[in-house]
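Survey of secondary and tertiary structure
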Amino acid sequence: MEKTPEKKNDFSVGSIPGTIMRLAIPMIGAQLVNALYNVVDRIYIGKIPGEGALPLTGVGLTFPIISIVMAFANLCGMGGAPLMSIARGEGNLDRAEKILGNAAALLILFGIVIVCAGLYFMEPLLWLFGASESTIGYARDYLSIYLIGTPCVMMVLGMNPYITSQGFARTGMLTVMIGAVINIVLDPLFIFVFNMGVKGAALATIISQMLCVPWVLKFLCGKKAIVKLRPRNMRIQWDITGKILSLGVSNFTMGLTESAVTITCNSTLQQYGSMAFAGGGDVYVGVMTVISTLRQLTMLTLNGLANGASPVISYNYGAKCYDRTKKSILFLSICCLVYATTAWAILMAIPGVLIRVFNDDPLLVEYGIPAVRMYFCAFCVLFMQMAGQTSFVALGKSRQAIFFSLLRKTFIVVPLVLIIPRITNLGAFGVFVAEPISDVVGSIACFTTFMLTVYRRMGKAESPKK
């Protein structure tokens, strides 16, 4: 007889590497396709005739606000999905559905608030983020359209983890692929054919996300879902939302700190770049825009592996299968190590080739090559941060997850971005040195703490399932 979804997606049995990769490979594909939203936008924007790198720089200024949108989506999605998996592992399907319903209600509420606040504060925020007279128009044009579609963006990003954590990784991948294909088709049409420029890029992104919402809701409300989205469970229950927000604060903090780092970097780059030569601030902000895109691309596989392993870790922890939980964590760590080392080697070898994909402006390439090598020189150690942080979240250890989210970016990167250019002769390049320092210190601290505390104590528990 054919296995039911509940039996097929019982993560407490079967091969651990096989189960994780069955979830992770579609998730990596989904992460790759998801990145196409922003990457394709930036490639096309960088190729707008006669505009040079200014439109790309202008759109780069919107990253902090877009990061905030994604942070709120992760607050509800990555905060609730592990809790839902733990409840499912415990056999408590009713609680799992209440977690899903409350997360959906939070996403709707946060989406409405972000639209109103974002449109009201947009322009002063863009100036704060490092805009100049040359770039403010591009940033405003892009963001004013993107914000209007924020509720749809949040619903897709926030609900998709609840599909993948039930074991339906291919459906989660299709969610992203549908939007990406639509976005890729609409981008050149709106940007070049209709001559809408950066407005066209934003419109293409928003339309593609809007068309994904029915797909997500149809699956979660349909027969195939193990944990279903039911209207009666969308009434806010403060004990449930409190736990979702508590655990989600880790990923939320990571999003906000990315935003804070971008703001600090762009402002410092404008200051020291302008001191170097006329227009230097915009050049360096453009370099940071390309670096941010490369960072996003290189993190895709790490995020895919983490998202594939997280439900397996959570489910087995809820089912008290501690041996399988530990083996899942070790397998995740090894996979992250192999990938991070490979990505580091590529970034060190061909930074110029990677930069020219987005824009071949001579100054952008000249200053971008050493900046990329500085920024990514310690990327290979980041596997420890991903493995440790993912495990803290998957096991519901919210306090540790929050602390290590704050440590690497808020407590290390932001101060160093402000201090290094002032105490060295590196100037604007000092901004790019802060990242590898944080990668080394934060990653080692996170992984070592996890292994010596949570992982070590888990080994003393006897697993009821063999």
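Let me sum up the structure you'll find in this document. All figures in this text were calculated on a predicted structure; none of them were measured in a lab. (Residues numbered from 1 in each chain as written. Predicted model: local features only at pLDDT ≥ 70, side-chain atom pairs only at ≥ 80, totals over all residues. Heavy atoms only, no water.)

**Quick word on the overall build of the protein chain**
When you go through the protein chain residue by residue, the secondary structure sums to 18 helices and 0 strands. Relative to a compact globule of 466 residues, whose C-alpha radius of gyration would be 23 Å, the protein chain shows 22 Å and is just as compact. Taken over the C-alpha atoms alone, the protein chain extends approximately 70 × 45 × 40 Å along its principal axes. Burial statistics for the protein chain: of 466 residues in total, 59% are counted as buried. When contacts within the protein chain are restricted to residue pairs at least 6 apart in sequence, long-range pairs at least 24 apart make up 83% of them. Just so you have it, the protein chain exposes about 18,400 Å², and 67% of that area is on carbon and sulfur atoms. Charged side chains of the protein chain number 37 positive and 22 negative; the gap between the two group centres comes to 13 Å. (Helix = DSSP H or I, 4+ residues; strand = E, 2+ residues; numbered from the N terminus. Rg over C-alpha atoms; globule rule 2.2 N^0.38 Å. Buried < 20%, exposed > 50% of the residue type's maximum accessible area, 1.4 Å probe, protein only. Contact = heavy atoms within 4.5 Å. Areas by Shrake-Rupley, 256 points an atom, 1.4 Å probe, with all protein chains shown as cover. Lys, Arg positive; Asp, Glu negative; His and termini not counted. Charge placed at Lys NZ, Arg CZ, Asp CG, Glu CD.)

**Some thoughts on the side chain of Gln385**
Structurally, Gln385 can be placed in helix α16 (residues 382-394). Excluding residues within four positions of it along the chain, Gln385 makes contact with Thr390, Phe404, Arg408, Gly442, Ser443 and Cys446.

**Topic: helix α15 (residues 362-375)**
Side chains of residues three or four places apart in an α-helix project in the same direction, reflecting 3.6 residues per turn. The terminal C-alpha atoms of α15, which comprises 14 residues, lie 20 Å apart, in line with the 20 Å expected from a rise of 1.5 Å per residue. Maximal helix bending in α15 amounts to about 35°, located at Gly368; proline Pro370 follows within four positions. Where α15 begins, the capping side chain belongs to Asp361, and its oxygen is found 3.2 Å from the backbone nitrogen of Leu363. (Expected span 1.5 Å × (residues − 1). Bend = angle between axes of the 7 residues up to and from the residue. Polar contact = N/O pair within 3.5 Å; in protein donor to acceptor, adjacent residues only side chain to side chain.)

**Topic: the nonpolar core**
Formed by 140 residues in total, the largest nonpolar core has its most connected members in Tyr142, Met159, Ile291, Phe376 and Phe432. Considering each element in turn, this core owes the most residues, 16 residues, to helix α12 (residues 280-318). (Core = buried A, V, L, I, M, F, W, Y, C linked by side-chain atoms within 4.5 Å.)

**Quick word on a nonpolar patch on the surface**
Together, Leu189, Phe192, Val193 and Phe194 make up an exposed nonpolar region whose accessible area comes to about 360 Å². Examined against the element boundaries, Phe194 turns out to sit in the loop between α8 (169-193) and α9 (198-210). (Patch = residues over 30% accessible without salt bridge, like charges linked within 9 Å, V, L, I, M, F, W, Y side chains within 5 Å. Salt bridge = Lys/Arg side-chain N within 4 Å of Asp/Glu carboxyl O.)

**Details of helix α17 (residues 398-423)**
The first and last C-alpha atoms of α17 sit 36 Å apart over 26 residues, in line with the 38 Å expected at 1.5 Å per residue. When the local axis directions of α17 are compared, the greatest deviation, roughly 45°, occurs at Leu407.

**Considerations on the packing of aromatic side chains**
Summed over the entire model, instances satisfying the criterion amount to 19 aromatic pairs. Both rings, one in Tyr142 and one in Tyr146, keep their centres 6.3 Å apart while their planes meet at 15°; by these two values the pair is stacked. Taken together, the residues Tyr142 and Tyr146, both in helix α6 (residues 136-148) and 4 residues apart, mark about one turn of the helix. The burial state of Tyr142 is the same as that of Tyr146; both residues are buried. Seen from their ring centres, Tyr284 and Tyr367 are 5.3 Å apart, and the 70° between their planes marks the pair as edge-to-face. A residue pair is termed long-range when its members are at least 10 positions apart, and Tyr284 in helix α12 and Tyr367 in helix α15 qualify at 83 residues. (Phe/Tyr/Trp six-rings, centres within 6.5 Å; stacked < 30°, edge-to-face > 60°.)

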